[in-house]
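# An overview of the molecular structure
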Amino acid sequence: MNAQQDYDLIIIGSGAGGGTLAHHLASTGKRILILERGGWLPREVDNWDAQKVFVDNRYVSKDIWHDKDDKPFQPGVHYFVGGATKMFGAALFRLRPADFGEIQHHGGISPAWPISYQDFEPYYLRAEQLYQVHGLRGEDPTEGPSSGPYNFPPISHEPVIEGISDAWKREGYHPFHAPTAVMLNEAQMHNGKCIRCNSCDGFPCMVLAKCDAENICIRPALEHPNVTLLTDASVYKLETSPSGREVTRVLVDHQGEKIAFSGNIIVLSAGASNSARILLLSANDQHPHGLANGSDQVGRNFMFHNSDAVVALSRRPNDTIFQKTLSCNDFYFKADDFDFPLGNIQMIGKTRGPMFRADAGTFAPGFVLTEMATHSVDFWLTTEDLPMPDNRVTLNKEGGIGLNYTFNNQEATHRLREKLKILLGHAALSPHLIPNHLYMSKSIPIAGVAHQSGTIRFGTDAARSVLDIHCKAHELDNLYVVDTSFFPSIGAVNPSLTAMANALRVGDHLKERLR
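Let us look at the structure shown here. Treat the numbers as computed from the prediction; the structure is a model and nothing was measured.

What follows is about the overall build of the protein chain. When helices and strands are tallied, the protein chain shows 10 helices and 23 strands. For 515 residues, the compact-globule estimate of 2.2 N^0.38 gives 24 Å, and the protein chain sits close to it at 22 Å. On the principal axes, the C-alpha backbone points of the protein chain span a range of 70 × 50 × 50 Å. Counting over 515 residues, the protein chain shows a buried share of 61%. Within the protein chain, contacts between residues separated by at least 24 positions form 73% of all contacts whose residues are at least 6 apart in sequence. Accessible surface for the protein chain amounts to roughly 19,100 Å². Of this, 52% is attributable to carbon and sulfur atoms. Looking at the protein chain, you have 47 positive and 57 negative side-chain charges, and the mean spots of the two groups are 2 Å apart.

Let us now look at the pairing of strand 2 (residues 32-35). Covered by surrounding structure in strand 2 are Ile 32 and Ile 34 together with Leu 33 and Leu 35, the residues of both alternating faces. As paired elements, strand 1 (residues 5-12) and strand 2 share 4 bridges and run parallel to each other. Note that in strand 2 the partner of Ile 10 across the bridge is Leu 33. A crossover links strand 1 with its parallel partner strand 2, the connecting element being helix 1 (residues 18-25), and its sense is right-handed. Relative to strand 10 (residues 227-230), strand 2 runs parallel, the two being bridged by 4 bridges. Bridge pairing links Leu 35 to Leu 230 in strand 10.

Turning next to the nonpolar core. The biggest cluster of nonpolar side chains holds 113 residues, and the ones touching the most others in it are Ile 12, Leu 35, Tyr 131 and Leu 238. Considering every element that reaches this core, the biggest residue donor is helix 10 (residues 496-514), with 9 residues. If we skip the residues at most four places from it in the chain, Ile 12 touches Leu 35, Val 235, Leu 238, Val 250, Ile 266, Val 267, Leu 268, Ser 269, Ala 270 and Ile 278.

Moving on, we come to the packing of helix 3 (residues 117-130) against helix 10. Contact geometry of helix 3 with helix 10 gives a least axis separation of 8 Å together with a crossing angle of 110°. On the basis of their axis angle, the class for helix 3 and helix 10 is roughly perpendicular. The crossing of helix 3 and helix 10 is right-handed. Along the contact surface, helix 3 presents Phe 120, Tyr 123, Tyr 124, Arg 126, Ala 127 and Glu 128, while helix 10 presents Leu 497, Thr 498, Met 500, Ala 501, Asn 502, Leu 504, Arg 505 and Asp 508. Residues that form the contact of helix 3 with helix 10 fall into these classes: 8 nonpolar, 2 polar and 4 charged.

For the rest of this paragraph, the subject is the side chain of Asn 306. Checked against the element boundaries, Asn 306 lands in strand 15 (residues 306-313). Overall, the relative accessible area of 3% leaves Asn 306 in the buried class. In terms of polar contacts, Asn 306 uses its side chain to reach the side chain of Gln 410, at 3.2 Å.

What holds strands together in a sheet is hydrogen bonding between their backbones, with the strands either parallel or antiparallel. Strands sit in the order 8-16-17-18-15-21 across an open sheet of 6 strands; the sheet is antiparallel. Each having just a single partner strand, strand 8 (176-177) and strand 21 (434-435) make up the two edges of the open sheet. Note that strand 8 and strand 16 (residues 326-328) share 2 bridges and pair antiparallel. Note that in strand 16 the partner of Phe 176 across the bridge is Ser 327. Contacts from helix 4 (residues 159-170) reach strand 16, strand 17 (344-347) and strand 18 (376-383) within the one sheet, and its direction differs from that of strand 16 by about 25°. Relative to the sheet, helix 9 (residues 410-426) contacts strand 15, strand 17 and strand 18, its axis offset from that of strand 18 by approximately 150°.

On to the pattern of salt bridges. For the structure on display, the rule yields 27 salt bridges. For Asp 212, the salt bridge goes to Lys 86, with nearest N and O atoms at 3.0 Å. Of this pair, Asp 212 sits in the loop between strand 9 (180-181) and helix 5 (213-221) while Lys 86 is found in the loop between strand 4 (72-73) and strand 5 (103-105), placing the two residues 126 residues apart along the sequence. The pair formed by Asp 212 and Lys 86 is uniform in burial state, with each residue classed as buried. Taking the shortest distance from any N to any O, the salt bridge between Asp 477 and Arg 245 comes out at 2.7 Å. Here the residue Asp 477 occupies a position in the loop between strand 22 (453-455) and strand 23 (479-481), and Arg 245 occupies one in the loop between strand 11 (233-240) and strand 12 (247-254), the gap between them amounting to 232 residues. By relative accessible area, which is 32% here, Asp 477 ends up partly exposed. The exposure class assigned to Arg 245 is partly exposed, which follows from its relative accessible area of 33%.

What counts, and where the lines are drawn
- Residues numbered from 1 in each chain as written.
- Predicted model: local features only at pLDDT ≥ 70, side-chain atom pairs only at ≥ 80, totals over all residues.
- Heavy atoms only, no water.
- Helix = DSSP H or I, 4+ residues; strand = E, 2+ residues; numbered from the N terminus.
- Rg over C-alpha atoms; globule rule 2.2 N^0.38 Å.
- Buried < 20%, exposed > 50% of the residue type's maximum accessible area, 1.4 Å probe, protein only.
- Contact = heavy atoms within 4.5 Å.
- Areas by Shrake-Rupley, 256 points an atom, 1.4 Å probe, with all protein chains shown as cover.
- Lys, Arg positive; Asp, Glu negative; His and termini not counted.
- Charge placed at Lys NZ, Arg CZ, Asp CG, Glu CD.
- Pairing = 2+ DSSP bridges.
- Right-handed = clockwise from strand over helix to strand, strands pointing away.
- Core = buried A, V, L, I, M, F, W, Y, C linked by side-chain atoms within 4.5 Å.
- Axes fitted to C-alpha atoms, helices over the stretch in contact; angles between N-to-C directions.
- Parallel < 35°, antiparallel > 145°, perpendicular 65-115°, else oblique.
- Left-handed = near helix turned anticlockwise from the far one by under 90°.
- Nonpolar A, V, L, I, M, F, W, Y, C, P; charged D, E, K, R; others polar.
- Polar contact = N/O pair within 3.5 Å; in protein donor to acceptor, adjacent residues only side chain to side chain.
- Salt bridge = Lys/Arg side-chain N within 4 Å of Asp/Glu carboxyl O.

Structure (structure tokens):
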């Protein structure tokens, strides 16, 4: 093993949490090392090829995980500089204020967070400004108060989507412009990077106009001489001092070579599953059940949303190009015939013919799929799945990830789908919904883990949580976690913005500590 290399701060992972934190701390002058398991995502024509991206899985990791029956599956995860944000749809929602409190769902309890929406709100605003979110306050009646407006106007609806929005408004609903993080200047298109293409949601951005963690945070951070990025660096263990109270070394496999790094502060941000895996792999005499796992909570309470990507068919062709501009939260907390939360409805990127292939089987020729895609209007439904202790990440005998997960809160998922059918009728769209498993990343539902959260929850009680309110491990003095692992519950909107806001919040704490 090579000689140890020392840093003030080591960040494991470069996505929404780790990338944002690196950017926030780059100006401190402290020696910062970012360890990224993947490499730079290549800019190539395949970036916008639906066949390559959605059918051939060109950018999906080759990882193999195992489900609760020990059946192997390929998870829909992506390891690149920028993490999962390289492929996200750039929809950056805030959790609702009530999401931070205890909520009774049909399927059980969504627990309260140890801090409030008011604690998060200034960081939400800063994250929205950093990631150049386009939106409009006041359209969504479920949104929380904000200390400032969006810095960028909402992205306009194209005619078909505008028609859907208008139809829903006439029926008394409250559709709103989805908060979206792209470098778009609609008033002066020549002054913006975004070209409003149909290859945003689920695709890498070939023109670097998506406000992902690479473009917004990692590249600017690397302009500081004190920041170093090591790619193709897979962390396989954290070693501690004899007392077990601090991490002393980070052990890395870098292209087959074993390297050790030391840092005064270690920040884990490898994703909810892999961060838990690293802690479990790091068991030692002082932490026999896994690092920071005296509470037996590491890996538990895995969540990834009850998500449903569906397609409605329009009688008229849908010529929308940039479709992901509309959302609706009228059923977020309850419905007229159901006193429990249902969730969020939003658009997803426009379906293309090859993206139907997994759901159409072999009976449908290509020209039929293309015609279906021409008439498709595409939606993403999100219902909260509830944290359950037995929904957990474990290690198999080879040290790989086992994901034991049983779906819950399914009545709400079913009812949200039925509400969408009613909304579609108001907009003169077919109420028959076609599943689109490609947006779930794979046809196996459990593999669509883009919204994975939980596994290393924060809290004030060390017996029931892994991290304190600053996201520092209760049992270690220099170990923090800033990916979505810290979530006690997941709400029913995309988790990225909350991870970004939390990284800024923890970053302020670390700035004080680094002084």
